[in-house]
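For reference, the chains in residue letters:
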Amino acid sequence: MALDETTEDLARSAAQGDHRALGELLKRIEPAVLRHCGRILPFRQDAEEACQDTLLAVARNIARFEGRARFSTWLHIVTANCARTTYRSLKRRAAEQSSDELPLQKPDVARVSVIAGSRLDLLDAMEALEAEKPELAQALVLRDICQLDYNEVAEQLRIPLGTAKSRIHQARKYVQGALGDAYGF
C-alpha cells in the first residue's frame, strides 16, 4: 500500500491534531484500505466492514502515529489487524448462528472460488498460529500480508534482522503444516 508524500504529510499533520488533515487523510486512504482488506477477506461485504473498522481505528489512534516509520507501514499493520479481527468476529457470529441451525461447515469448493477458499483456510491457519505463537504471527503478517521487507519487519517489531527472518521462516513452516496436503505442501 504505497502512499504518496502528500498522504504521508497529511498523516503527520493529523497525528499532531489537525482535524482537517485527518478528514482528508481518511478520504485519500479509503480506496487503498478497501483493496488491502479485499486481499485478506474473500467477500466484498466483509472487506467493506474491515475497511470501515480500519478507518475508525486510524481516526481514533492517529495520535499514536509517531512518524518514525512511514505512515503507509503503520497503516498496513492497522489494516491487517482490523481485517483479521473482522474475520474472527464473523467466524464467531457464524458459529453462534449455526449452533441453532446447521453445523458450521467449510466453504463448498463448488460454490466458492479457489482463491476465496484458500484465504479462508489461510485465515484459520493464521488464527491458530496467533493463538499458539503470537510473536511469529506478527512477523508473518508484516512480511506476507502487509508486504513489508525484512528490514521494515525488524524495525516495526524492534528486533534484530536475523530474529525477524527466523520468526517469518518458523511462521511459514507452521502455516504450511496447518494447510497441509490440500495445498501441495
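Rules of the game
Residues numbered from 1 in each chain as written. Predicted model: local features only at pLDDT ≥ 70, side-chain atom pairs only at ≥ 80, totals over all residues. Heavy atoms only, no water. Buried < 20%, exposed > 50% of the residue type's maximum accessible area, 1.4 Å probe, protein only. Helix = DSSP H or I, 4+ residues; strand = E, 2+ residues; numbered from the N terminus. Arc of directions from axis to C-beta. Contact = heavy atoms within 4.5 Å. Polar contact = N/O pair within 3.5 Å; in protein donor to acceptor, adjacent residues only side chain to side chain. Salt bridge = Lys/Arg side-chain N within 4 Å of Asp/Glu carboxyl O. Phe/Tyr/Trp six-rings, centres within 6.5 Å; stacked < 30°, edge-to-face > 60°.

**Observations concerning helix H7 (residues 150-157)**
And step 1. Looking at H7, one finds that the buried residues are Val 153, Ala 154 and Leu 157. An end-on view of H7 places all buried positions within 95° of arc, on one side of the element.
And step 2. Buried residues in H7 make contact with helix H6 (134-145) and helix H8 (161-179).
And step 3. One side-chain oxygen of the residue at the start of H7 lies 3.0 Å from the amide nitrogen of Asn 151, identifying that residue as Asp 149.
And step 4. Positive phi shows up at Arg 158, right after H7, with a value of about 55°.

**Re the pattern of salt bridges**
And step 1. Going through the model one piece at a time under the given rule, you end up with 8 salt bridges.
And step 2. For Glu 48, the salt bridge goes to Arg 44, with nearest N and O atoms at 3.1 Å. Here the residue Glu 48 and the residue Arg 44 both occupy positions in helix H3 (residues 44-61), the gap between them amounting to 4 residues, near one helical turn.
And step 3. For Arg 172, the salt bridge is made with Asp 144, and the minimal N-O distance between the two is 2.6 Å. Of this pair, Arg 172 sits in helix H8 while Asp 144 is found in helix H6, placing the two residues 28 residues apart along the sequence.
And step 4. Assessed through its relative accessible area of 34%, Arg 172 is described here as partly exposed.

**Focus: unusual backbone geometry**
And step 1. At Arg 158, a position not held by glycine, the phi torsion is positive, near 55°.
And step 2. Within the element layout of this structure, Arg 158 appears in the loop between H7 and H8.
And step 3. By relative accessible area, Arg 158 is classed as exposed at 60%.

**Observations concerning the packing of aromatic side chains**
And step 1. If you walk through the whole model with that rule in mind, you get 3 aromatic pairs.
And step 2. Ring plane angle 80° and centroid distance 5.4 Å describe the contact between Phe 65 and Phe 71, whose orientation is recorded as edge-to-face. Of the two residues, Phe 65 and Phe 71, neither departs from the other in class, the shared state being buried.
And step 3. Measuring from centroid to centroid gives 5.8 Å for Phe 65 and Trp 74, while their planes differ by 50°, and the two rings are tilted.
And step 4. Judged by its relative accessible area of 6%, Phe 65 is buried.

**What to know about the environment of Phe 65**
And step 1. With respect to the element layout, Phe 65 can be found in the loop between H3 and helix H4 (71-100).
And step 2. The sequence separation of Phe 65 and Arg 12 amounts to 53 residues, and the corresponding C-alpha distance is 7.8 Å.
And step 3. Apart from the residues lying within four places of it in its own chain, the contact partners of Phe 65 are Ala 11, Arg 12, Ala 15, Arg 70, Phe 71 and Trp 74.

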